[in-house]
Amino acid sequence: MFRTVRYNIVSPRVPAEFDGFTIAHLSDLHGEEYGKKNRRLEEKIHEINPDMVVMTGDMAEGEDGSIFRVVNLCSRLSKRYPVYYILGNHEQAMRPAERVWLLENLKFLGVVALDNQWQTISRKGSFVKLYGLVMAMPYYKDPMRDDYVKGIHFSPEDVRQALGEADEEVFNILLCHNPLYFPSYRDWGADLTLAGHIHGGIIRIPGLGGLLSPDLTLFPKYDGGHFEEKGRHLVVSRGLGNHFLVRVLNPAELAAVTLRADGEKR
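Residues numbered from 1 in each chain as written. Predicted model: local features only at pLDDT ≥ 70, side-chain atom pairs only at ≥ 80, totals over all residues. Heavy atoms only, no water.

Observations regarding the side chain of Glu229
Residue placement: Glu229 occurs in strand β12 (residues 225-229). Side-chain polar atoms of Glu229 contact the side chain of Lys221, separated by 3.3 Å. Discounting residues that sit within four places of it in the chain, Glu229 has contacts with Phe182, Pro183, Arg186, Lys221 and Tyr222. (Helix = DSSP H or I, 4+ residues; strand = E, 2+ residues; numbered from the N terminus. Polar contact = N/O pair within 3.5 Å; in protein donor to acceptor, adjacent residues only side chain to side chain. Contact = heavy atoms within 4.5 Å.)

Below, the structure written as structure tokens:
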């Protein structure tokens, strides 16, 4: 089972033409299926009726069946919506041939895979920018991997090196997989960051939040949901699939993120 969770992002930097612009945010599917060929998931996305669909990583695992299921879902969604995709740590950990097959098929379908790149999104003559950040594996701080580096940090300058300067003239949406470095994304210039990776903390404890992140941090700050700091926003999907342990009080999530320009939450 999964639930649809709706988030309103209110910012004076959202252009009036983008008021009501809705993004279906999928993350961490890990090759799971909801109904045959993910038809139930597809139906819920249609109920959201988004202006675009974004996938913020770990949608597929490194095996053919998982990759095929994600490509199959994208083949149907891309016929109705603009679809944008970034790699998570699980796609990055695939064998090169698997990752190439995934990316080539996404490109064939018209899905835009953003690898430290950006695109302009237009609506009624106004514009926002959509950035896709893909970071090196050591920044995930996985102590079980050989490339683990204790104390490593991803700074605003690292974001700048990857993506260039943020455009201060427009509302900037950043897609990334790992929300750990939200202060860096925020200070770089991301008005809205969409991320996943933490799976809601796997086990949620009422009053305390998610228990554990994939890097084995207890009670991670950005475990799931909507966070606002210095007028900048972060939405962390609790994910649609699972990879380790068993979810407790933590249902899978399809996020619907709506931009609001009028300062009034609806």
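Here's the deal with a nonpolar patch on the surface
On the surface, a cluster of nonpolar side chains totalling about 370 Å² of accessible area is made up of Ile205, Leu208, Leu218 and Phe219. Mapped onto the secondary structure, Leu208 falls in the loop between β10 (204-205) and β11 (209-210). With relative accessibility at 57%, the residue Leu208 sits in the exposed group. (Patch = residues over 30% accessible without salt bridge, like charges linked within 9 Å, V, L, I, M, F, W, Y side chains within 5 Å. Areas by Shrake-Rupley, 256 points an atom, 1.4 Å probe, with all protein chains shown as cover. Salt bridge = Lys/Arg side-chain N within 4 Å of Asp/Glu carboxyl O. Buried < 20%, exposed > 50% of the residue type's maximum accessible area, 1.4 Å probe, protein only.)

Let's talk about the sheet that holds strand β2 (residues 22-26)
The six strands lie next to each other as β1-β14-β2-β3-β4-β5, forming an open sheet whose pairing is mixed. Sheet topology places β1 (2-10) and β5 (112-113) at the edges, where each strand pairs with a single neighbour. Of the strand pairs in this sheet, β1 and strand β14 (residues 252-260) are connected by nine bridges, and their pairing is parallel. Of the residues in β14, the one forming a bridge with Ile9 is Leu259. Against the sheet, helix α1 (residues 39-48) touches β1, β2, β3 (52-55) and β14, its axis set at about 30° to β1. (Pairing = 2+ DSSP bridges. Axes fitted to C-alpha atoms, helices over the stretch in contact; angles between N-to-C directions.)

Considerations on the sheet that holds strand β8 (residues 171-175)
Strand order in the open sheet formed by six strands is β6-β7-β8-β9-β13-β12, with mixed pairing between adjacent strands. The open sheet is flanked by β6 (117-123) and β12, the only strands paired with a single partner. In this sheet, adjacent strand axes meet at a mean angle of 20° when their direction is disregarded. Summarising the sheet, β8 and strand β9 (residues 192-195) pair through three bridges and their orientation is parallel. Looking at β9, one finds that Leu175 is bridged to Leu194.

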